[in-house]
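Spelled out from the first residue to the last, the chains are:
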Amino acid sequence: MKGTLILTPFVWLMEMTSKNSDPPRRQEFDESDRPKRRRNHTREKRDDVKVDVPDFDGKAQEDAFMEWLLTVERIFKFKDYSEEKKVKIAAIKFKGCASLWWDNLKREREREGRGKIRTWEKMKRELRRRFLPDMYKQANYLKFRNFRQGDQTVEDYTREFEYLMIKCDAPEPEEQTIARYISGLRRAISDVIRLQPYWTFNDV
């Protein structure tokens, strides 16, 4: 018939479907998920970066051992591993003498009824006890206690001061560290710093 629109079955079905279907709903987004997604994205980016913990065989000189510890610390901080994962990864990297020492330490603790080492801080403490002689720690502590800037730049003095502080591993109140740092500077510089406001070692 003229003027009459004839719909094919397919067109009729499409029109009926569009009439009966609900309009598409916008996906709800919880603002509280944003920080979580950002953290996950940051962690994924860190996981993509290939950074490998170096092996440790227990035969390194004291300074080389300290360098290994500092390198591992930086990697763990960058990767943001859990404490238990840090211990497992470090243990995997023990070779030779270090591996034998670790196995013996675990058996000894088990015989004595002590718990497993599950934190990196405890593992570091045991590593230092085994691979850093007392004489090494004493020598570095004396050097740290009597350390002076001399003809070094402030930048070089600060770098060496912080390195000695790490090597000594002797926790002290921050006020004492600040006083030790300032007293080691050349007189003209220390007098200027004492006139400035500061609250932490980083401020100094």
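Further up the page is the structure itself.
Residues numbered from 1 in each chain as written. Predicted model: local features only at pLDDT ≥ 70, side-chain atom pairs only at ≥ 80, totals over all residues. Heavy atoms only, no water.

A. Inspection of the packing of aromatic side chains at higher detail. Under the definition given, this model contains 20 aromatic pairs. Judged by centre distance (5.9 Å) and plane angle (70°), the ring pair of Phe76 and Tyr81 falls under edge-to-face. A residue is classified by how much of its surface remains accessible, and Phe76, at 2% relative accessible area, is buried. (Phe/Tyr/Trp six-rings, centres within 6.5 Å; stacked < 30°, edge-to-face > 60°. Buried < 20%, exposed > 50% of the residue type's maximum accessible area, 1.4 Å probe, protein only.)

B. Representation of helix H3 (residues 62-79) within the structure. Taking 1.5 Å as the rise per residue, H3 with 18 residues should run 26 Å; its terminal C-alpha atoms sit 26 Å apart, in good agreement. Of the residues making up H3, those classed as buried are Phe65, Met66, Trp68, Leu69, Leu70, Val72, Ile75, Phe76 and Lys79. Positive phi appears at Asp80, one or two residues downstream of H3, with a value of about 60°. (Helix = DSSP H or I, 4+ residues; strand = E, 2+ residues; numbered from the N terminus. Expected span 1.5 Å × (residues − 1).)

C. Highlighting unusual backbone geometry. Positive phi is not limited to glycine here, since Asp80 has a value of about 60°. Checked against the element boundaries, Asp80 lands in the loop between H3 and helix H4 (83-92).

D. Highlighting the nonpolar core. Phe65, Phe94, Met123 and Leu127 are the most contacted members of the largest nonpolar core, which has 27 residues in total. Contributions of two or more residues to this core are made by H3, H4, helix H5 (96-111) and helix H6 (120-131). Take this core: its biggest share by element is 8 residues, from H3. Here Met123 is in contact with Val87, Ala90, Ala91, Phe94, Trp102 and Ile117, once residues within four sequence places are set aside. With 12 residues, the next largest nonpolar core counts Phe144, Phe161, Cys168 and Tyr181 among its residues. (Core = buried A, V, L, I, M, F, W, Y, C linked by side-chain atoms within 4.5 Å. Contact = heavy atoms within 4.5 Å.)

E. Spotlight on the packing of H3 against helix H8 (residues 154-168). Taken N-terminus to C-terminus, the directions of H3 and H8 make an angle of 95°; their axes are 11 Å apart at the nearest point. Between H3 and H8, the angle is such that the two are roughly perpendicular. Between H3 and H8, the contacting residues are Asp63, Met66, Glu67 and Leu70 on the first element and Tyr163, Ile166 and Lys167 on the second. Across the contact of H3 with H8, the residue classes break down as 4 nonpolar, no polar and 3 charged. (Axes fitted to C-alpha atoms, helices over the stretch in contact; angles between N-to-C directions. Parallel < 35°, antiparallel > 145°, perpendicular 65-115°, else oblique. Nonpolar A, V, L, I, M, F, W, Y, C, P; charged D, E, K, R; others polar.)

F. Up close: H4. Buried within H4 we find Lys86, Val87, Ile89 and Ala90. Residues of H4 that are buried sit in contact with H3, H5 and H6.

G. The pattern of salt bridges, seen in detail. Enumeration according to the criterion identifies 17 salt bridges in this entry. For Lys93, the salt bridge goes to Asp55, with nearest N and O atoms at 3.9 Å. In this pair, Lys93 sits in the loop between H4 and H5 while Asp55 sits in the loop between helix H2 (33-48) and H3, placing the two residues 38 residues apart along the sequence. Classification of Lys93 as buried rests on a relative accessible area of 15%. Classification of Asp55 by relative accessible area gives partly exposed; the value is 46%. In this structure, Glu121 engages Lys124 in a salt bridge whose closest nitrogen and oxygen atoms are separated by 3.3 Å. In this pair, Glu121 and Lys124 both sit in helix H6, 3 residues apart, roughly one turn of the helix. Judged by relative accessible area, which is 12%, Lys124 ranks as buried. (Salt bridge = Lys/Arg side-chain N within 4 Å of Asp/Glu carboxyl O.)

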